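Inside the fold
One-letter residues, chain by chain:
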Amino acid sequence: MAAQPKPDELAAPLDLLLTSATRPFFSRMLPDATWARVAANLAQQPGAVADRVGTLTRELGNITAGKSHRAPARADKRFSDPAWQDNPLLHRIMQAYLAGAETAEGLLGDAALDWRDQEKMQFVLDNLVEGLAPSNNPLLSPLGWKALIDTGGLSAVRGLKAFARDMLSKPRVPAMVEPDAYVVGETVAVTKGAVVLQTAMFELIQYAPQTAKVRETPLLLVPPVINKYYVMDIAPGRSMIEYFVAQGQQVFVMSWRNPQARHRDWGFDAYGAAIIDAMDAVQKIAGTDSTHLLATCSGGILAAMTAAHLADIGEGDRVAGLTLAVTVLDETRAGFAAAAMSDRAAQAAIRVSAKKGFLDGRDMAEMFAWLRPTDLVWRYVVNNYVQGRKPAAFDVLFWNADTTRMAAALHRDMVLMGLHNALLTPGAVSMLGSPVDLGKITSDAYVIGGVADHISPWQATYRSARLLGSKDNSYVLSTSGHIAALVNPPGNPKASYRVGPVGDEDPQQWLGAAEKFADSWWPHYVAWLAQRSGPEVDAPKALGGENLPPLGPAPGSYVMEK
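Residues numbered from 1 in each chain as written. Predicted model: local features only at pLDDT ≥ 70, side-chain atom pairs only at ≥ 80, totals over all residues. Heavy atoms only, no water.

The protein goes by Class II poly(R)-hydroxyalkanoic acid synthase in an unreviewed UniProt entry, where it is assigned to Mycobacterium paragordonae.

Here's what the structure looks like:
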């Protein structure tokens, strides 16, 4: 069975890839002007190319003669089966592949491309190299032959059925989890609470207190608008919401509606107004003048813009503290996504979603899978098709496959903002009639990044933190990726984080000065919240409040919409 990926090998669909998601994957692999620039640059360096080819030729000769000591990296699990070492033919095939992959990577480096072309070609090269791995070949894979023998050929039948099922519907990638592996509200998203407000755009969930006393100032979680909220309440023992409630924090979360074509006009202003509506309800229920905001990913972009709007109209103190997790506000050179964006591509993407009324989450899921081809595609090709096995049950993968749509207007607003990196310039974009100036935000800020985050690079999240006008602005860097930076409960001996004030312009200088701690950042954050959440008060005896009665149990109905 293929080993299941760690949470940090996954990522929620992110606004930075909204342009890419509207184009088929294979169209990105076809030769274009970037390929021509690679060829032209290499043609100017014949000596370097000759050295690479000569080195490869000599290495292939050594491999054929059995004199090569080339071996896969320790972390490379593709060739862990003993046959890759013990079978002379398979061993040589593996070594030749590794030598070729190393040469291809070296040639791309020799091409000395600018950052945009480098990111585009790295995407192409990664997918070509990973796809050609002999471990993926059913005629060569030892795992495939063993499964075929053990099952009397049934593995091939099951593999073909799985392949046909996956290719007949979006996203056209191998299934990472069975659709019935978990049940929302029964095995995931199970922390007790109630829906206390339902609007056309969201449901507001209040969680039942688990302590006799709670902190006076509540916490409102704003999830991504292109994913369902329950990654924050993924499973008992690993739920961020469960942990915060157990620590005496009053917790609310917005559960966004999955938009359909009739909701095509929901844009920045609609989502900003929704966040304010949720804040109004939270403050009314808690009886406070302010609330903390903890927003993630694309939800963090909207929450930051909304906080800037509130500051602009003189209500900035309604935000007791602003927490942004894996959120990119400064998209300068933010990886492949930024490289893939151009005005022409942006306008094409906008036309696609405008025609449908939304951007399909399954298209985004397909694009994200190809960003990590080894872990999110070929691992499952081998497991599902070559071995004919069902993928292992994994709750984060189940959440990742539970895709949502994005309203056309929001897609347009996000794409254009990302194209022009508009949040970097005060007033370049607006929210609810206010020119957005992130420097006007004065509430204390807590910004979280993941050192292995390939979707929201931590350097970009650190630069984003510097845009905020907060005088007390802390940055926390977790030893994990996009999702594991959130699903990060205490008790993991491999986890650690660094924390320090936002100051140095260079993220690497901050990294060198930041203090390192073992375990999860959750306890540190709870302590940060406690210092800014007022005194302890008696926990509410009932959920909801005046004119905001409980409408039904968590996780509500919007999270169930497909």
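1. Here's the deal with the packing of aromatic side chains
Rules: Aromatic contacts are taken between Phe, Tyr and Trp rings whose centres are within 6.5 Å, Trp giving its six-membered ring; a plane angle under 30 degrees counts as stacked, one over 60 as edge-to-face, and the others as tilted. Under the DSSP-based scheme used, a helix requires at least four consecutive residues in state H or I and a strand at least two consecutive residues in state E, with every element numbered from the N terminus. Think of it in three bands: residues with accessible area under 20% of the maximum for their type are buried, residues over 50% are exposed, and the middle band is partly exposed, with areas taken using a 1.4 Å probe on protein chains only.
Considering all chains together, one arrives at 22 aromatic pairs under this definition. Ring centres 5.6 Å apart and planes at 55° place the aromatic pair Phe 244 and Tyr 525 in the tilted group. Taken together, the positions of Phe 244 in helix H9 (residues 240-246) and Tyr 525 in helix H20 (residues 522-531) put the pair 281 residues apart, joining distant regions of the chain. Tyr 525 shares its class with Phe 244; the two are buried. Taken together, a centroid distance of 5.2 Å and an interplanar angle of 55° make the contact between Tyr 446 and Trp 528 tilted. Residue Tyr 446 is found in strand S12 (residues 444-450), and its partner Trp 528 is found in helix H20; the two are separated by 82 residues along the sequence.

2. Brief notes about the side chain of Ser 239
Definition in use: Any pair of N or O atoms that falls within 3.5 Å is considered a polar contact. Within protein, one atom must be able to donate a hydrogen and the other to accept it, and sequence-neighbouring residues count only if both atoms are side-chain atoms. By definition, residues are in contact when any of their heavy atoms lie within 4.5 Å.
Checked against the element boundaries, Ser 239 lands in the loop between strand S4 (219-222) and H9. Ser 239 gets classed as buried once you look at its relative accessible area, which sits at 1%. A distance of 3.5 Å separates the side chain of Ser 239 from the backbone oxygen of Met 232, its partner in a polar contact. Here Asp 233 takes part through its side chain, which lies 2.7 Å from a polar atom of the side chain of Ser 239. Among all residues touching Ser 239, those that are not within four sequence positions of it are Thr 191, Met 232, Asp 233, Ile 234 and Trp 522.

3. A few points about the packing of helix H14 (residues 361-371) against helix H15 (residues 373-386)
What counts here: Interaxial angle, 0 to 180 degrees, is taken between N-to-C directions of lines fitted to C-alpha atoms, where a helix line uses only the stretch in contact. Oblique is the label for any angle not covered by the other classes, which are roughly parallel (under 35 degrees), roughly antiparallel (over 145) and roughly perpendicular (65 to 115). Charged residues are taken to be Asp, Glu, Lys and Arg, nonpolar residues to be Ala, Val, Leu, Ile, Met, Phe, Trp, Tyr, Cys and Pro, and polar residues to be all remaining types, Gly included.
For the pair H14 and H15, interaxial distance at closest approach is 5 Å and the crossing angle is 100°. When the axis of H14 is compared with that of H15, the two are roughly perpendicular. The segment H14 lies against H15, with Phe 368, Ala 369, Trp 370 and Leu 371 engaging Pro 373, Leu 376, Val 377 and Trp 378. Looking at side-chain class alone, the contact of H14 with H15 contains 8 nonpolar, no polar and no charged residues.

4. Structural notes on empty space enclosed by the protein
We apply this condition: Space inside and on the surface of the protein is sampled on a 1 Å grid over the protein atoms alone, with a cavity defined as a set of points where a 1.4 Å probe fits but cannot get out and a pocket as an open set with protein on both sides within 12 Å along at least 5 of 7 lines; lining residues have an atom within 4 Å of a point. Grid points are joined across faces, edges and corners, and a volume is the space filled by probe spheres set on the points.
Counted by the stated rule, this structure contains 4 cavities of 30 Å³ or more. Empty space within the largest cavity amounts to approximately 80 Å³. Considering the residues around the largest cavity, the lining is formed by 13 residues, among which Tyr 207, Pro 209, Gln 249, Gln 250 and Val 251 are closest to the centre. Elements represented by at least two residues in the lining of the largest cavity include exactly strand S2 (202-207) and strand S5 (251-256). Looking at side-chain class alone, the lining of the largest cavity contains 8 nonpolar, 5 polar and no charged residues.

5. Focus on the pattern of salt bridges
Note the cut-off: What counts as a salt bridge is simple: a side-chain nitrogen of Lys or Arg found within 4 Å of a carboxyl oxygen of Asp or Glu.
For the structure on display, the rule yields 25 salt bridges. Salt-bridge contacts for Glu 315 lead to Arg 318; the nearest nitrogen and oxygen are separated by 3.5 Å. The class for Glu 315 is partly exposed, based on a relative accessible area of 31%. Note that Asp 363 and Lys 356 form a salt bridge whose closest N and O atoms lie 3.9 Å from each other. Using a relative accessible area of 13% as the deciding quantity, one classes Asp 363 as buried. A relative accessible area of 35% means that Lys 356 is categorised as partly exposed.

6. With respect to the sheet that holds strand S13 (residues 473-478)
Put simply, the rule reads: Only strands joined by at least two bridges in the DSSP assignment are considered to pair.
The strand order S15-S14-S13-S12-S7-S6-S4-S5-S2-S1-S17 describes an open sheet built from 11 strands, whose pairing is mixed. Of all the strands in the sheet, just strand S15 (515-518) and strand S17 (552-553) have a single pairing partner and so form its edges. In the packing of helix H18 (residues 458-465) onto the sheet, contacts are made with S12 and S13, and the angle to S13 comes to roughly 170°.

7. Comments concerning the UniProt feature "domain: Poly-beta-hydroxybutyrate polymerase N-terminal" (unreviewed entry) in the protein
So the rule is basically this: UniProt positions are given in the numbering used here, feature names are shortened, and annotations may be inferred rather than shown by experiment.
When the UniProt feature table is mapped to this numbering, "domain: Poly-beta-hydroxybutyrate polymerase N-terminal" (unreviewed entry) covers residues 76-243. End-to-end, the C-alpha atoms of residues 76-243 are 34 Å apart, and along that stretch the chain is 42% helix and 11% strand.

8. Re the environment of Leu 221
Following the sequence through the fold, Leu 221 ends up in strand S4. Taking relative accessible area as the criterion, Leu 221 reaches 0% and is therefore assigned buried. Residues Leu 221 and Gly 300, spaced 79 residues apart in sequence, show a C-alpha to C-alpha distance of 9.8 Å. If we ignore the near neighbours within four places in the chain, the residues touching Leu 221 are Met 232, Met 240, Ile 241, Val 251, Phe 252, Val 253, Met 254 and Leu 294.

9. Let's talk about unusual backbone geometry
Backbone geometry follows two general trends: most residues other than glycine have a negative phi, and most peptide bonds adopt the trans configuration. Omega for the bond connecting Lys 170 with Pro 171 falls within 30 degrees of zero, at -10°, which places this linkage in the cis form. Note on placement: Pro 171 falls in the loop between helix H8 (154-167) and strand S1 (193-198). The peptide bond linking Ala 554 to Pro 555 adopts the cis configuration, its omega dihedral lying at 15°. Counting through the fold element by element, Pro 555 comes out in the segment after S17. Even without glycine at this site, Asp 519 takes up a positive phi of about 80°. Among the structural elements, Asp 519 can be located in the loop between S15 and H20. Given a relative accessible area of 25%, Asp 519 falls into the partly exposed group.

10. Description of helix H6 (residues 115-131)
Just so we agree on the cut-off: Expected helix span is computed as 1.5 Å times (number of residues minus one).
Under the 1.5 Å per step criterion, the end-to-end length of H6 is 24 Å for 17 residues, consistent within 8% with the ideal 24 Å. Within the sequence span of H6, burial applies to Asp 117, Met 121, Gln 122, Phe 123, Val 124, Leu 125, Asn 127, Val 129 and Glu 130.

11. Describing H18
A large share of H18 lies buried, amounting to 6 of its 8 residues. Those residues of H18 lying buried are Trp 458, Ala 460, Thr 461, Tyr 462, Ser 464 and Ala 465. Packed against the buried residues of H18 are S12, S13 and helix H19 (507-513).

12. A word on the pairing of S2
Extensive coverage of S2 is indicated by the burial of 6 of its 6 residues. Because side chains alternate across S2, one face comprises the buried residues Phe 202, Leu 204 and Gln 206, and the other comprises Glu 203, Ile 205 and Tyr 207, equally buried. As paired strands, S1 and S2 are joined by 5 bridges and run antiparallel to one another. What sits directly across from Ala 194, in S2, is Gln 206. Where S1 folds back on S2, the antiparallel hairpin that results is connected by 3 residues.

13. Considering the pairing of S1
S1 sits mainly inside the fold: 5 of its 6 residues count as buried. Judged from the 2 bridges that link them, S1 and S17 form a sheet pairing that is antiparallel. When the sheet's bridge partners are listed, Val 195 is paired in S17 with Gly 552.

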